[in-house]
Amino acid sequence: MHEVGIAQNLLKAAQQAMPPMTSPRVVALKVQLGPLAGVSPDELQFGFEIASMDTPFAGATLEIESVPVVVFCPSCQKEHTLSEPEPVHCPACGLPGVELRQGRELVLMSFEVGDEAESN
Ligand SMILES: [Zn+2]
């Protein structure tokens, strides 16, 4: 159930990023997820549902944008986007000692807050 912990960390980050207003209702969260983040989109959705219970995020939509793995190859002196997340090596020359530039992210991009001011 580590995906629940991952989702909880995400919600914590979202809560800190939220403007300090009175109990906003969050309707949607958008995150970027790399294939090497240690959680799959499905697992994250599931974890989010559990972690968001009894929080301002309950019932919110989690939009997951998948980002590809990008490596920098010191031999090619170039960045490459991998079509498969693993193995992490240079797709052009096969060098395994490449530098991971992207692919581990689990980043909160934005969130939408519902309009609760209309109370009539
Ligand atoms: Zn290379």
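For the structure, see preceding data.
Starting from 1, residues in each chain are numbered consecutively following that chain's sequence as written. Where local features are concerned, this predicted model is filtered to residues with pLDDT of at least 70; where side-chain atom pairs are given and counted, the filter is 80 or more; whole-chain, interface and lining totals use all residues.

(A) Focus on the pairing of strand β3 (residues 69–73). Note on pairing: DSSP must find at least two bridges between two strands before they are called paired. In this text, helices come from DSSP runs of H or I with a minimum length of four residues, and strands from runs of E with a minimum of two, each type numbered from the N-terminal end. The pairing of β3 with strand β4 (residues 78–82) spans 5 bridges and is classified as antiparallel. Note on β4: the bridge partner recorded for Val-70 is Thr-81. Connecting the antiparallel pair β3 and β4 is a turn made up of 4 residues, with Gln-77 showing a positive phi of about 55°. Here 3 bridges tie β3 to strand β5 (residues 99–102), and the two strands are oriented antiparallel to one another. Across the sheet, residue Val-70 finds its bridge partner in β5, namely Gln-102.

(B) Quick peek at the packing of helix α1 (residues 2–17) against helix α2 (residues 41–51). In the contact formed by α1 and α2, the axes pass within 8 Å of each other and the chain directions differ by 65°. Taken together, the axis directions place α1 and α2 in an arrangement best described as roughly perpendicular. Of the two elements, α1 crosses α2, and the hand of that crossing is right-handed. Where α1 abuts α2, its residues Glu-3, Val-4, Ile-6, Ala-7, Gln-8 and Leu-11 lie against Glu-43, Leu-44, Phe-46, Gly-47, Phe-48, Ile-50 and Ala-51. Classifying every residue of the contact of α1 with α2 gives 9 nonpolar, 2 polar and 2 charged. Angles run from 0 to 180 degrees between N-to-C directions of axes, and those axes are lines fitted to C-alpha atoms, restricted for helices to the stretch in contact. Each angle receives one of four descriptions, namely roughly parallel if under 35 degrees, roughly antiparallel if over 145, roughly perpendicular if within 65 to 115, and oblique otherwise. Here is the rule for handedness: rotate from the far helix to the near one, and if that takes an anticlockwise turn smaller than a right angle the crossing is left-handed, while a clockwise turn gives right-handed. The contact criterion used here is simple: two residues whose C-beta atoms, placed from the backbone, lie within 7 Å are in contact. Polarity classes work like this: nonpolar for Ala, Val, Leu, Ile, Met, Phe, Trp, Tyr, Cys and Pro, charged for Asp, Glu, Lys and Arg, and polar for all others, with Gly in that last group.

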